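Listed below are the residues making up each chain.
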Amino acid sequence: ENQNDENLSKANALIFLVGTTDGDASQYTKSNSFQVWLFNCHLADTLMIMTKKGIYFLGSAKKAQYFSTVESDEPSGIVPPFTILNRDKSDKDKANFDRLIAALRKEGNIYGHFAKDKQDSEFAKAWTTALKEDNLEYESVDISTSFARIFSTKLDKEIELMKKAGEASAAAWNHLKKKIVSIIDLEKKVRHNRLSEEIEKEMVSIQVQGSLHQPGYLEPCYTPIIQSGGQYALKFSAESNDKLVHYGTVVSLLGIRYQSYCSNISRTNDKLVHYGTVVSLLGIRYQSYCSNISRTLMVEPTQELEAAYEVLLDTQMAVIEALKPDKPISDAYQAGIDFLNKKKPDLMQYLVKNSFGFVTGLEFRESSLLINDKCKVVVKPNMTFVVALGLQNIPNKKAKDEQGKSASLFVSDTILVTEEKSNIILTEKGKSRLKSNVIRFKKDAEEKPKEVPELAGGRSKRSVVLQEQTRHKITSEDKRKERQQELAEELNQRARERLSIQPGASGARAAKKSNVSYKSREKFPDDDAEVKNLRIYVDKRQDSVIVPIFGVPVPFHISMIKNTSHSTEGDFTYLRVNFAHPGSNIGRDNLYFPNPLATFLKELTFRATNVKEQGENLAAAANLTTAFRLIKEMQKKFRTQEAEEREKEGAVKQDKLILSTNKANPKLKDLYVRPNIITKRVSGTLEAHVNGFRYTSLRGDKIDVLFNNIKHAVFQPCDNEMIILLHFHLKNPVLWGKKKYIDIQFYTEVGEITTDLNKYHHMQDRDDIQSEQMEREMRKKLNLAFQNFCDKVIRQTNEQVDFETPFNELSFFGVPYRSSCKLKPTSSCLINLTEWPPLVITLEEVELVHFERVGFAIKNFDMVFVFKDYTRKTQMIQSIPNTSLDSIKEWLNSCDIRYTEGIQSLNWVNIMKTITGDPEAFFENGGWNFLDTTSDEEKDQDEESEEEAYQPSDEESADEESDEDEDEESGEPTESESGSESLASDESEGKDWSDLEEEAATEDRRKAMEQYDDDRHKRKSKPSSKGPPPKKRK
């Protein structure tokens, strides 16, 4: 591809110069984009030169260390040698510049660079001066457009980041929309700059972004822009005017960076909000990748304005569908023009025609790749575009004031070009349909028009009616149910496909290697005296026992002997040997039998006399006693070896740790380790090396954890905790000593774990106040030291190891094992690391979550995690307070995890056995829908609504009244007078929840008292086993 690019093929060398990165102006430069694209980080005041014979990097010692692993003197494949030069400030890098210029001379005098990037640092100016002072006349070539085309096609990892940036932009827009609706509904007077500042702070918060929120990932591209009042500038470089916000259309532009990936929203001024249309543009940056979303909120629009908005959406979709691979970008622009000409030619005069969008990604707007009639660049798969269309200054004939006489409409979305299917809209969660973006006012129907009091400004009292704020308001619970319904439909299908792909039957069992006593006749101990004399012989070398059967010595491997017993009766000693056979170990892991239909020996009993015969040193029974003792010892040894082998199953032998001799390695001292791999509790040091961590205790014990075996790395600060820790959850278990571990934790204690209650404390005691202050300072220092360690490791490993931090705002209490503890979600798992053993549940491995014992009368509930691997045991968390139920549901819903709830506790062992036994039958019968009780509740509600809808005729009501009068005269109790039998009638009469709950509680107390009396009567009626009752005292 470079051979087809004129500028790249012409250049003999490429120079990438980066100065300081202070300020917003320098964040969107080709130099910064190149570094993020190639290195995934910003390196200020650095110089890189690429030639065909070598690559040269000049930077400070710390930045040069970043490339130490790729430094080489010989070429590696097509990659030339990589040379690192450390900056020398003593001579202002003169020697380094001379060496680099000498390398340029060897290649030629034409070099490529980013001509539009202006670098103002002293380092950049010194290099520019050195290059000009060289005797060789250099010719420069601008390679900005060449690299813009390279950046435009995204890799798989970049696509994932773009999708997250789009989600972040949509979430920010939904939050801004609620803000604007609330302002209009309450008729608040809000200045543009104040609203802009609030949105700028809130749009990157965890409350708005949920699981997307990570420290340093999200940031605004620029201060949000909000426009209203009939004067609109439909472009991304717009500035808000100084008019009040008009409740007709309001234009809002916001920008957020998520890990340097962008999305856009416009800027605002310091004036008050007025009635008009609201156009909102938001931009969020996620890990340096940008996305954009623009929407228009219309307040009381006319039918003409609504029709124009619908046509604008259709035109935008026509442009999106026209962006197809192997077609020029200009075709998409012409498709939009043709569609609008055909659909509504009257709107052509209001269309903003300069461009319909641009390529986005590392840079928010790529000026060389605009969607207009001049751009002939061919569209390629995995390109990302911002498609933006606007209609400006549309006449609004029904407007009552000057500011509302003209309105503007603007929509934009970030899209991903696909090769075959329809293009993906990355910001589709920010709904653009008409009914989601129209605000209407509803007058009070009970008041007459003449009696309506006029407010200041001559406007009658009214309330906003929007889809989100109608009388039947859609609550967060309704939104969750809607999303959960979608997940329920996908769940069974995905699980069915996953199980069909898995090779072999789920219940298939690996065959164990049979234990053979003697593989050849030569190894059999024929010459041994005990074998010749037909006595029991225990062969420790071959783990076998040779017993005589019908005069023939027969060997048995120790694994086939289930147990032995030894007894003495009179003059004889008995030895009983029980053998393992099919069905002997019911409820346990059965041994593997190659021929289960063969005939098996169940037991053997040997008898020998205790009386010594004449001339014998020992009685015959001594052989049985010795054999019993040796068999027991051999069984113990063999079972120990089996346990060790089971421990080794699944354990992975780690690669060898490559030690780094650099003294600047990230290091933490005075740490303890859990679990207690080291015998004694001794502190040590954790140090990061080339491919892993090494923990070295003061005694010299060493524990290695390699980067490629870390599944989750968690840093838990000591905020409201007694320890600060680094926890590693491994992909595969690792043997340390003779045990395998999948979790390892390095921690240090903060403050006192225990307190002496007998010690006298006074709230004004200076020593106590000083110690508390010292503890707070120590907590800050420890948090800072651990955070610096994590940051250094992330940079050193190029984000191969990324430390997660728990979200304390989403934490809740529960009992995962034996004790109650605080459970904290992170971006990818649910953890509890303070108590031991730790709990780490990976959210990607979770199929669904079921809540048990959920009811009004129960204060706690249980939560069951069902994993995608159905052979894995479910994880239950018990005794969670009911107050945490809504927040847990919201968290699970934000993670796209299906959840259900029920009143009863289920037997999950039997359920999972049923599923794994016949998965096809399980999914044919509805799959996991048996856990969902909402459908039954909806049917019950429909039946209740039908009963309530019935209204008796006048004749029927008269007959009922006469019947009631007769009942009263006769003295018979009516339904309303009959205590417990009237619960159903009471409910139909309109009792509220508090009355019903009080009645239910009274009924429960009555039943409890009856049960107590029955039990008490039974205890009295039972005969005492302790003798007669004691006599009464006189």
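In this text, all values refer to a predicted model and were calculated from it rather than measured experimentally. (Residues numbered from 1 in each chain as written. Predicted model: local features only at pLDDT ≥ 70, side-chain atom pairs only at ≥ 80, totals over all residues. Heavy atoms only, no water.)

A. Broad picture of the overall build of the protein chain. Scanning the protein chain for helices and strands turns up 22 helices and 40 strands. Counting over 1034 residues, the protein chain shows a buried share of 43%. Considering only intrachain contacts with a sequence separation of at least 6, the fraction spanning at least 24 residues in the protein chain is 66%. (Helix = DSSP H or I, 4+ residues; strand = E, 2+ residues; numbered from the N terminus. Buried < 20%, exposed > 50% of the residue type's maximum accessible area, 1.4 Å probe, protein only. Contact = heavy atoms within 4.5 Å.)

B. Structural context of the sheet that holds strand β22 (residues 561-569). What the 3 strands build is an open sheet, ordered β22-β23-β24; its pairing is antiparallel. A strand with exactly one partner marks an edge of an open sheet, and here the two such strands are β22 and β24 (603-609). In this sheet, adjacent strand axes meet at a mean angle of 15° when their direction is disregarded. (Pairing = 2+ DSSP bridges. Axes fitted to C-alpha atoms, helices over the stretch in contact; angles between N-to-C directions.)

C. Quick look at the pattern of salt bridges. One pass over the structure, following the stated rule, counts 26 salt bridges. Glu890 is the salt-bridge partner of Arg480, the closest N and O atoms lying 2.8 Å from each other. Within this pair, whereas Arg480 is found in helix α12 (residues 476-501), its partner Glu890 is found in helix α16 (residues 885-894), the two being separated by 410 residues in sequence. For the salt bridge of Arg629 with Glu633, the shortest nitrogen-to-oxygen distance reads 3.6 Å. In this pair, Arg629 and Glu633 both sit in helix α14 (residues 621-648), 4 residues apart, roughly one turn of the helix. What makes Arg629 partly exposed here is its relative accessible area of 44%. (Salt bridge = Lys/Arg side-chain N within 4 Å of Asp/Glu carboxyl O.)

D. Main features of the packing of aromatic side chains. Applying the stated criterion to the full structure yields 34 aromatic pairs. Measuring from ring centre to ring centre gives 5.7 Å for Phe16 and Phe114, while their planes differ by 55°; the resulting arrangement is tilted. Residue Phe16 is found in strand β1 (residues 13-18), and its partner Phe114 is found in the loop between β5 (110-113) and α5 (122-133); the two are separated by 98 residues along the sequence. The burial state of Phe16 is the same as that of Phe114; both residues are buried. Joined through ring pairs, the aromatic side chains of Phe16, Phe34, Trp37, Phe39, Phe57, Tyr66, Phe67, Phe82, Phe114, Phe147 and Phe151 make up one cluster. The cationic tip of Arg498 hangs over the ring face of Tyr870; the distance from NZ or CZ to the ring centre is 5.8 Å. Taking the ring centre of Phe572 as reference, the NZ or CZ of Arg607 above it sits at 4.3 Å. (Phe/Tyr/Trp six-rings, centres within 6.5 Å; stacked < 30°, edge-to-face > 60°. Lys NZ or Arg CZ within 6 Å of the ring centre and 35° of its normal.)

E. Molecular detail of helix α17 (residues 908-917). Of the residues making up α17, those classed as buried are Trp908, Ile911, Met912 and Ile915. For α17, the arc enclosing every buried residue in end-on projection is 90°, short of the 170-degree limit, so these residues lie on one face. Pointing more than 90 degrees away from the buried face of α17 are the exposed residues Lys913, Thr914 and Gly917. As for α17, its buried residues are in contact with β37 (846-852), β38 (860-867) and α18 (919-924). (Arc of directions from axis to C-beta.)

F. A look at the nonpolar core. Counting residues in each nonpolar core, the largest one holds 53 residues, and the members touching the most others are Leu14, Phe16, Met48, Phe67, Phe82, Ile143 and Phe147. With 12 residues, the top contributor of residues to this core is helix α7 (residues 156-186). Within the second largest apolar cluster, 40 residues are counted, among which are Ala332, Tyr333, Phe356 and Val411. (Core = buried A, V, L, I, M, F, W, Y, C linked by side-chain atoms within 4.5 Å.)

G. Just the packing of helix α2 (residues 30-39) against helix α6 (residues 144-152), in detail. Here α2 crosses α6 at 40°, and the two axes come no closer than 11 Å. In this structure, α2 crosses over α6, and the sense of that crossing is left-handed. Of the residues in α6, those in contact with Lys30, Ser33, Phe34 and Trp37 of α2 are Ser144, Phe147, Ala148, Ile150 and Phe151. Counted by class, the contact of α2 with α6 contains 6 nonpolar, 2 polar and 1 charged residues. (Left-handed = near helix turned anticlockwise from the far one by under 90°. Nonpolar A, V, L, I, M, F, W, Y, C, P; charged D, E, K, R; others polar.)

H. Just the sheet that holds strand β40 (residues 898-901), in detail. Strand order in the open sheet formed by 4 strands is β39-β38-β37-β40, with mixed pairing between adjacent strands. Both edges of this open sheet fall to β39 (875-881) and β40, since each of them pairs with a single strand only. Averaged over all adjacent pairs, the angle separating strand axes in this sheet is 20°, with direction ignored. This element, α16, spans β37, β38, β39 and β40 of the sheet and lies at about 165° to β37.

I. Examining the side chain of Asp743 more closely. Structurally, the position occupied by Asp743 is in strand β31 (residues 739-749). A distance of 2.8 Å separates polar atoms of two side chains, one belonging to Asp743 and the other to His727. There is a polar contact of 2.8 Å between the side chain of Asp743 and the side chain of His729. Filtering out sequence-adjacent residues up to four positions away, Asp743 remains in contact with Arg674, Pro675, His727, Phe728, His729, Trp836, Pro838 and Val840. (Polar contact = N/O pair within 3.5 Å; in protein donor to acceptor, adjacent residues only side chain to side chain.)

J. Structural context of a positive patch on the surface. On the surface, Lys178, Lys431, Arg433, Lys435 and Lys479 cluster together to form a positively charged patch. Tracing the chain through its elements places Lys435 in the loop between β16 (424-425) and β17 (438-442). (Patch = residues over 30% accessible without salt bridge, like charges linked within 9 Å, V, L, I, M, F, W, Y side chains within 5 Å. Areas by Shrake-Rupley, 256 points an atom, 1.4 Å probe, with all protein chains shown as cover. Lys, Arg positive; Asp, Glu negative; His and termini not counted. Charge placed at Lys NZ, Arg CZ, Asp CG, Glu CD.)

K. Spatial organisation of the packing of helix α10 (residues 303-322) against helix α11 (residues 329-343). One can describe the packing of α10 onto α11 by two numbers: an axis separation of 8 Å at closest approach and a directional angle of 150°. Here α10 and α11 pass one another in a crossing that is right-handed. Each of Val311, Asp314, Thr315, Ala318, Val319 and Ala322 in α10 lies in contact with α11, whose residues at this interface are Ala332, Ala335, Gly336, Phe339, Leu340 and Lys343. The class makeup of the residues in the contact of α10 with α11 is 8 nonpolar, 2 polar and 2 charged.

L. Representation of unusual backbone geometry. Cis rather than trans, the peptide bond between Arg674 and Pro675 has omega equal to 0°. Checked against the element boundaries, Pro675 lands in the loop between β25 (667-674) and β26 (684-688). With an omega of 10°, the peptide bond running from Trp836 to Pro837 counts as cis. Tracing the sequence through the fold places Pro837 in the loop between β35 (829-832) and β36 (839-842).

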